[in-house]
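# Close look at the chain arrangement
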Amino acid sequence: MRARPPRPPWTFDDMADQSGRVAVVTGANSGIGYVTARELARRGAHVVLACRDPGRGRAALDRMRAEAPGARLETRRVDLASLGSIREFATGWDHDRLDLLVNNAGVAMVPFALTEDGFESQFGVNHLGTFALTGLLLPHLLAAPDPRVVTVSSEGQRFARFDLGNLNAERRYRAAFAYVQAKRANLYFAMELQRRADAAGLALRSMAVAPGLTRTNVLTGGANSARGRLYTTLTGLLVRAAFRPTPEGAKTSLFAATVPDLPGGRYIVPDGFLQLRGEPTARGRERAIRDVVTAQRLWRLSERLTGVTYGLPAPE
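The model shown is predicted, which means the values in this text are computed figures rather than measured ones.

### Concerning the overall build of the protein
Broken down by element type, the protein carries 10 helices and 8 strands. Counting over 316 residues, the protein shows a buried share of 55%. Pairs at least 24 residues apart make up 75% of the contacts formed inside the protein by residues separated by at least 6 positions. Summed over its atoms, the accessible surface of the protein is roughly 14100 Å², and 53% of this surface lies on carbon and sulfur atoms.

The structure is reproduced here in C-alpha cells:
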C-alpha cells in the first residue's frame, strides 16, 4: 500500500480573509499573542490588543502598525488577575459585536502569589480570568453571526493530576503542577463552553489550542523575572536552543481562529512528537475532552468563585 504524501505545512498565507471581523486577543503585546493579533489584522480584522500594561500595549500597537500598514488596531487595558479590571473591560465594550475572542494571556510556573481577589495566580489568571472575561463578553459574542472563542491551553496539560480540591493551592503549591493543572482547566472550559452552547442552540464555536514549545518570555518575564539573573540566563538559553520560533507557536491559535469549516469543540495541537512541534491538527483522544463530569464541576466552581454566570444550560 502506497504511503500518503506528507501534508504541506499550514502557513499564514492559508488564512481566510478576516475583513469585517472584530477580534480581541488577550496578552497581545508579546509572544504568541502579538503574532496572533498581527496576522489577524493583516488579513483585515479589526483587532483589539487586550493588555495588562498600557505602556507595553501602546508599544506593541506602534510596532504592529509599522509591520502591518493600514491594519485596524486598538489597545485596551485588562488585567486577568483582577475581576474588577475584567468587568471594567467588558462594561466598556462599545463595538456592536465581538466575532472572535482569543484567550491567550497567561502566566507560567511563577512563584506562589495571589491575585487581587485572593486566588492562586496561575489558576486565577489562566483559568478564572479567562472564564470571567469570556462570560462577561458573551452577550457581545452572541451578537455576531458566527462567533468563535479560542482558548490557549498547553501540551503540558496532558501531565496534570487534576485535583478540584487543590486548584487554589489550598494544601500545597508546586509551580509546575499548578501550571499544568491550570492549563487542563483551560481545556475543560473550552470543551464545556461548546457543550453548553450546543445545548442552547447557539452558533458559537469554542476551541482549545496547544502551541507546542515556543520562544516567548512567559518563563522569564513578569513574576519570573524576580527569580534572579542565573535563572533568567539559563532559562533564556534553554528557550532559544530548544524552543521553536514564536510564529510557529501562533499557528494553532490562528488555525483555530480562522479555518472556516472547523467545527466547534476541537482541540488543535502540533502534529509532531508529544505535540511539541509540527503543523496544526485536531486531536480528539485527550481524556479531558470526554471528561464531562469534571468539566461541569469546574464550571460550577468557577461561576461561584468569579460571580460570573453564563446562563447557559448544562448538557443532559
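### Overview of the sheet that holds strand E6 (residues 205-209)
Strand order across the open sheet formed by 8 strands is E3-E2-E1-E4-E5-E6-E7-E8, with mixed pairing between neighbours. The open sheet has two free edges, formed respectively by strand E3 (72-77) and strand E8 (280-282), since each of these has just one partner strand. Neighbour-to-neighbour, the strand axes of the sheet open up by a mean angle of 20°, direction not taken into account. Relative to strand E7 (residues 267-270), E6 runs parallel, the two sharing 2 bridges. Opposite Ala208, over in E7, you have Tyr267 as the bridge partner. Strands in contact with helix H4 (residues 121-142) are strand E1 (22-26), strand E4 (100-103) and strand E5 (148-152); relative to E4, the strand with the most contacts, it is inclined by about 175°. Of the strands in this sheet, E4, E5, E6, E7 and E8 are in contact with helix H8 (residues 251-258), which crosses E5 at around 165°.

### Quick look at the side chain of His127
Summarising the element assignment, His127 is placed in helix H4. Judged by relative accessible area, His127 falls into the buried class, the value being 1%.

### A look at helix H2 (residues 54-67)
With 14 residues, H2 should reach 20 Å at 1.5 Å per residue; the first-to-last C-alpha distance of 20 Å fits that figure. Within the span of H2, buried status applies to Gly57, Ala60, Leu61 and Met64. The buried residues of H2 all sit within an arc of 105° when viewed along its axis, so they share a single face. Residues of H2 that are exposed and point over 90 degrees away from its buried face: Asp62 and Ala66.

### Focus: the nonpolar core
Val24, Phe89, Leu98, Leu101, Leu193 and Tyr310 are the most contacted members of the largest nonpolar core, which has 49 residues in total. Those elements giving two or more residues to this core turn out to be E1, strand E2 (46-51), helix H3 (83-91), H4, helix H5 (175-199), E7, helix H9 (287-290) and helix H10 (292-306). Among the elements that line this core, the one with the most residues is H4, at 9 residues. Beyond its immediate chain neighbours, meaning those up to four positions away, Leu98 contacts Val22, Ala23, Val24, Trp93, Leu137, His140, Leu141, Ala144 and Pro147.

### Description of the confidence of the model for the protein
Looking at the protein as a whole, its pLDDT mean stands at 89, while 86% of the residues score no less than 70. Taken as a whole, residues 230-242 scores under 50 in pLDDT and shows 15 contacts with residues more than four places along the chain or in a different chain.

### Concerning the pairing of E6
Of all 5 residues in E6, 5 are buried, a share of seventy percent or more. Judged by which residues are buried, E6 turns out to be covered on both faces: Arg205, Met207 and Val209 on one side and Ser206 and Ala208 on the other are all buried. Taking the sense of rotation as the criterion, the β-α-β connection linking E5, H5 and E6 turns out right-handed.

Reading the values: rules and limits
Residues numbered from 1 in each chain as written. Predicted model: local features only at pLDDT ≥ 70, side-chain atom pairs only at ≥ 80, totals over all residues. Heavy atoms only, no water. Helix = DSSP H or I, 4+ residues; strand = E, 2+ residues; numbered from the N terminus. Buried < 20%, exposed > 50% of the residue type's maximum accessible area, 1.4 Å probe, protein only. Contact = heavy atoms within 4.5 Å. Areas by Shrake-Rupley, 256 points an atom, 1.4 Å probe, with all protein chains shown as cover. Pairing = 2+ DSSP bridges. Axes fitted to C-alpha atoms, helices over the stretch in contact; angles between N-to-C directions. Expected span 1.5 Å × (residues − 1). Arc of directions from axis to C-beta. Core = buried A, V, L, I, M, F, W, Y, C linked by side-chain atoms within 4.5 Å. pLDDT = per-residue confidence, 0-100. Right-handed = clockwise from strand over helix to strand, strands pointing away.

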